[in-house]
Each structure stands twice: as structure tokens, then as C-alpha cells.
Amino acid sequence: MARNERRCSRCDCSLSRYNTEPMCAACIRTAADDVSAGPHLPHQVWRDAEVAEAMSEWDFGRAFRRIREIANLRQEDMAELTGLSQSFLSTLESGGRRLANIDKIISVLSRLRVPPDVAPQPVQAGMCEPQMPSLGQPAPAIPAWESPVEIAKRLNATTASNVDSTALLLLEQGVAEIVERYEGEGPYQLVTEAVELRSFIQGLLDGRQPPEHRRSLFRLAAQASGLLGYMAVNAGRESLAEAYCSEAQSLAEEIRDVELIMWTYGTRSLNAYYAGRYEAAVQWADVGLAVAPGHPQAIRLHANGRARALGKLNQRAEAERSIASAEDLSSKHSTPPTLTSCISFEAYGTARTLANVATVHVSLGNAQRVLEYADQIDELVEQSESAWSRALVRLDVATALLAGPRPEVEHAMVLGRQVLEGGGGPPIRSVVQRAGELYARTQDWRDLQAVGEYGEALRSWQDAPQARHLAKTAKIARPVGQLEGAGRASLERPWRVSSHTPAQRH
């Protein structure tokens, strides 16, 4: 080609010396038709030295910016030509991002019809002849450089993920939904859903994710295993509960999630408590508290873990200290007054803490304290959607009503029958066990009709398929003596959890 030869900017043919236009006559005639065909690139852009250099360096942002300058195109035009979004193209040209996905690169080069001599090519080893080594010197090794394509493939594989932020958010909502529905539907209704959630998360973990997404998946897997462990406790599956909790704890420890680690220790303590292994329940709670004694999760470990088990062991002073610690921590962390879900990963609300404290005083024989704590949370319990919480508070109050010089046996049996006749929600181990313990405390009044009727209702209730297994596994604590301290005045309070059903009250 002659040094000063001019060529058509459209078809690259030679232009006559008498043609002063940038295009040949044929291209000029068809140019008007091409206006409606959308943006296009003149062939001359591929002869630009800066474009060629940027392409060889895989710097597509710089190349696209120069191409637009030559062809007088807007970013919107370039986005249409490349198939990239205008926002991505903007950050690409500014250097904020790089085009690294090899499939996307191939697509863009194809859409732009980049000539083979300009398109970035892998560097092939051995293209240059090595210099002859000097006499006596070993021949230098030819550098084994990687090609840009190989680097792009590796980058794409390293940053690739089989889960995105939206999917993680949906999985978090799945965990939250199980927590929210748990007290209304119970373990038997939700266990299949929880198992499917845990399996799906495991499938994602078997793939590839960047560190931030992988940490989120570990937390979700730990939560799902923890939920299954708690469900197994309520279903009386002691060994299974321990296995799930151990898995949840190991996953939480991998990501150093203090909140989840302490929560799993609390659930292991709960499992030991309902298995009648009270010393082990105290030990699990103590190990959890050692992780972070001032953490909000320590409230649950003190109230639900240590204090209740110490009450069963009749270690009054230690139980009272744990109660005080739980109440102090509740005040320090300004916990909400609500009756938080029993299975929630959040810190115990004040009402949930006091409900557990009331149970401690049942074991310690402090009937007056049981009634006082029940009185404090009465309003919140009645407003709660948790049938279990209402059932457990009623059973604690019923047990307290059997105390003192003038026991309210019939009143207590009415509360017990309310729980058994539809007010207790799906059967769980804690309700079954406490209902049995209430009946065990009536041995001095077995000749009363109310006690007989409660006993019949209890046997019928325990004979239901789900409750039957729970009744067999429940460790019913036999009373060692009468509860102390409930006077007549306290027993005649207008308990809304007492002898009136919600329908009768309204």
C-alpha cells in the first residue's frame, strides 16, 4: 500500500485521488440506509495504534473508550454494540472494573467483529529463538509465561460462586420463618422442612464461593443444624439432639461465631436437663458461659441452663445466684420485655427469662415466688401466640397452687386440664414432662374427683401417637415434699392463666 494512499472508512477499499470524501461512492450511496440500522464501527478503528495496544494488553476499558472517540459513539451506542450494560461499560472505561469472564470476552469480540490480527491472542511458548549460550554456560530456560486467556480463566474460577447475596438472603428468611412458625406448628410439622433446608445449604457448601459468602453459608448451616437439634430435644430424641448440636457447634466454631457457639451449649444443656442429667446440664451451661460471660446469650445459659438444673438438684444458693446473674444481664443489655420464641437465636426477652425463673422456684419449692413471677409476665403470656408458653406457665402456677396450708387442688387441676384439653399446642417434651410432674404432686389427694379426672385426661392425652413416645422418654421428677410459702391471699389473685379459658374471659 502506498504511503499516502487513502482508504474508505467503511469498506476499506482504495479511494480515488479525486475523491475528497472519507468513503467511496458506493458506501456514500448506502450510508443513508445504514442510519436506521443502529450504531456501527468504521473499519479504521482497528488500525489505530492505541486500540491495538489496549487489545493486546486485554485492557478493554481503554480500548472501548478509544474506539468511541474515533467512531464518535456514545456509551449507549457502545453498550448496544458489545451487549454490555451501559453502567458496566462506564465502570469498565473508568478502570473501576475489568472484563475477566472469558465467555463474555469471546461474545464481545464476536459482536464487534474484531479482526484476528487485532483480537487479543494467547502467547504461544517457543515463538522466539533463544540466544546461543556462551561457551561453558548452561542454556537459559525459556520462561513459561501464562497466556492472558489462562489468567482470565483462573480469575473467573477463583471469583466464581454458586450462590449470590439474594440467595443468601432467601436462606436467612427460611431460617427466620421456621423460628417464627415453630411454637405454633411444633417439631413434627417442621422437621422435614428443616432437614431439606439443611441439605440444600450443604449442597451449596460442596461448591465454590468467595470467603464472605462461604462464611454466611457456614452460619446458615450451623443455624439449620441447631434448629434440628432443638426440635430433637422437644421430640425426646436425645442422641439425635446431641449429634445435631455437636454439628452446629463445630460449624459455628469454624467461623468463630460466639453467639451461635453459646446458643448450641445452651441447647445441649436443655437436652441434658430433659433427659434428667442435671449435673451434665449445669456443666454444659458452665462451658457456654466461659466463652463470653457478659454476652446476651449468657442470659439463657443462666436462666434456662444453670438455674433450672440447679433447682432440680436442690442447690438453692447456686440457683439463686444464676437467677440474679440472668436478671442483671437482662438489665445491662436492655433486653425487650417480650416473650421471645423458645427456639430463637436472639437473646432471651425479659418475659422468657422470668418464665424460666418461675420454673426454677417450682423446683425449689418457693410457691410464693412462682406466683409472683407468673404475675409479672401474665399479660405478655396471654398476648403471646405461643401455646407452649401459656401451657408451661399454667402448669407452673398449678403446681404452686398445690402448696401451703390450704392447697387449691381443684383450681390446680382445672389449669392442668386446660393444658391437656387443647390449650397446650403440639405435644413437646417439656409440656408432657411438666404435666406428669403436676400429677405426681397430687398423690395426697388421689381420692378427690378433680384429681381423678385430671389423671384420666393425662392418660388419654399421653396415649396419642406423638405424646406416647414423649411420655416414655420424659423423666418425671417425683416430689420430695410440699411446696412452701403460698398464702391464701396470693392464691386468690385474678389469674388470667387460671380457671378461665380465653373464650370465657371474652
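How each quantity is defined
- Residues numbered from 1 in each chain as written.
- Predicted model: local features only at pLDDT ≥ 70, side-chain atom pairs only at ≥ 80, totals over all residues.
- Heavy atoms only, no water.
- Helix = DSSP H or I, 4+ residues; strand = E, 2+ residues; numbered from the N terminus.
- Buried < 20%, exposed > 50% of the residue type's maximum accessible area, 1.4 Å probe, protein only.
- Contact = heavy atoms within 4.5 Å.
- Areas by Shrake-Rupley, 256 points an atom, 1.4 Å probe, with all protein chains shown as cover.
- Salt bridge = Lys/Arg side-chain N within 4 Å of Asp/Glu carboxyl O.
- Expected span 1.5 Å × (residues − 1).
- Arc of directions from axis to C-beta.
- Phe/Tyr/Trp six-rings, centres within 6.5 Å; stacked < 30°, edge-to-face > 60°.
- Lys NZ or Arg CZ within 6 Å of the ring centre and 35° of its normal.
- Axes fitted to C-alpha atoms, helices over the stretch in contact; angles between N-to-C directions.
- Parallel < 35°, antiparallel > 145°, perpendicular 65-115°, else oblique.
- Left-handed = near helix turned anticlockwise from the far one by under 90°.
- Nonpolar A, V, L, I, M, F, W, Y, C, P; charged D, E, K, R; others polar.
- Core = buried A, V, L, I, M, F, W, Y, C linked by side-chain atoms within 4.5 Å.
- Polar contact = N/O pair within 3.5 Å; in protein donor to acceptor, adjacent residues only side chain to side chain.

## Some details on the overall build of the chain
Looking only at helices and strands, the chain features 23 helices and 0 strands. A burial count over the chain gives 48% of its 506 residues as buried. If you take every contact in the chain between residues at least 6 apart in sequence, the share linking residues at least 24 apart comes to 67%. Only carbon and sulfur atoms are counted for the fraction: they give 51% of the accessible area of the chain, which is about 25500 Å².

## Describing the pattern of salt bridges
Under the counting rule described, the total for this entry stands at 27 salt bridges. Note that Glu456 and Arg459 form a salt bridge whose closest N and O atoms lie 2.7 Å from each other. Remark: Arg459 and Glu456 occur in helix α20 (residues 449-462); sequence separation between them is 3 residues, near one turn of the helix. In the salt-bridge network here, residues are joined through shared partners; they are Asp48, Glu50, Glu53, Glu57, Arg62, Arg66 and Glu69.

## Quick notes on the environment of Val381
Structurally, Val381 can be placed in helix α16 (residues 367-383). Sequence-wise, Val381 and Ala355 are 26 residues apart; in three dimensions their C-alpha atoms are separated by 9.1 Å.

## Notes on helix α9 (residues 211-234)
Its 24 residues place the ends of α9 35 Å apart at the C-alpha level, agreeing with the 34 Å of an ideal helix rising 1.5 Å per residue. Within α9, 18 of the 24 residues are buried, which leaves it mostly tucked inside the rest of the structure. Of the residues flanking the end of α9, it is Gly236, one or two places downstream, whose phi is positive at about 75°.

## A word on α20
Note on helix geometry: an α-helix contains 3.6 residues per turn, so any two residues three or four positions apart are oriented the same way. Over its 14 residues, α20 runs 20 Å from end to end, which matches the ideal 20 Å to within 8%, given 1.5 Å per residue. Looking at α20, one finds that the buried residues are Ala450, Val451, Tyr454, Gly455, Ala457, Leu458 and Trp461. Within α20, the buried residues cover an arc of 165° as seen down the axis, which keeps them to one side. Among the exposed residues of α20, those pointing more than 90 degrees away from its buried face are Gln449 and Ser460.

## Some words on the packing of aromatic side chains
Taken as a whole, this structure holds 10 aromatic pairs when the rule is applied. With centroids separated by 6.2 Å and ring planes inclined at 40°, the aromatic side chains of Tyr439 and Tyr454 adopt a geometry described as tilted. Of this pair, Tyr439 sits in helix α19 (residues 429-440) while Tyr454 sits in helix α20; the two residues are 15 residues apart in sequence, bridging distant segments of the chain. The pair formed by Tyr439 and Tyr454 is uniform in burial state, with each residue classed as buried. An aromatic cluster of three or more residues is present, and its members are Tyr182, Tyr230, Trp263, Phe345 and Trp388. Positioned above the aromatic ring of Tyr273 is the side chain of Arg308, whose terminal nitrogen or guanidinium carbon lies 4.4 Å from the ring centre. One Lys or Arg, Arg446, reaches over the ring of Tyr439 and ends 4.0 Å from the middle of that ring.

## Thoughts on the packing of helix α10 (residues 238-254) against helix α11 (residues 258-274)
For the pair α10 and α11, interaxial distance at closest approach is 9 Å and the crossing angle is 165°. The angle between the axes of α10 and α11 places the two elements in the roughly antiparallel class. Along this stretch, α10 crosses α11, giving a crossing that reads as left-handed. Contacts between α10 and α11 involve Glu238, Ala241, Glu242, Cys245, Ser246, Ala248, Gln249, Ala252 and Glu253 from the first element and Leu260, Ile261, Thr264, Tyr265, Thr267, Arg268 and Asn271 from the second. Of the residues in the contact of α10 with α11, the class split is 7 nonpolar, 5 polar and 4 charged.

## Remarks on the nonpolar core
Formed by 106 residues in total, the largest nonpolar core has its most connected members in Tyr182, Ile201, Leu217, Met413, Val431 and Tyr454. One finds Trp58, Met78, Leu81 and Val114 within the second-largest nonpolar core, a separate group that totals 29 residues.

## Some points on the packing of helix α17 (residues 387-401) against α19
Packing of α17 against α19 brings their axes to within 10 Å, and their N-to-C directions diverge by 15°. Comparing their axes, α19 and α17 come out roughly parallel. Along this stretch, α17 crosses α19, giving a crossing that reads as left-handed. Of the residues in α19, those touching α17 at Trp388, Ala391, Leu392, Leu395, Asp396, Ala398 and Thr399 are Ser430, Val431, Arg434, Ala435 and Leu438. Taken together, the residues that form the contact of α17 with α19 break down as 8 nonpolar, 2 polar and 2 charged.

## A closer look at the side chain of Thr335
Relative to the assigned elements, Thr335 resides in the loop between α14 (316-332) and α15 (350-364). A relative accessible area of 13% places Thr335 in the buried class.

## Some points on the environment of Arg321
Here Arg321 lies in helix α14. On the basis of relative accessible area, Arg321 is assigned to the partly exposed category, the value being 47%. Taking the C-alpha atoms as reference points, Arg321 and Arg306, separated by 15 residues in sequence, lie 9.7 Å from one another. Looking at Arg321, its side chain comes within polar contact range of the side chain of Glu318, at 2.3 Å.

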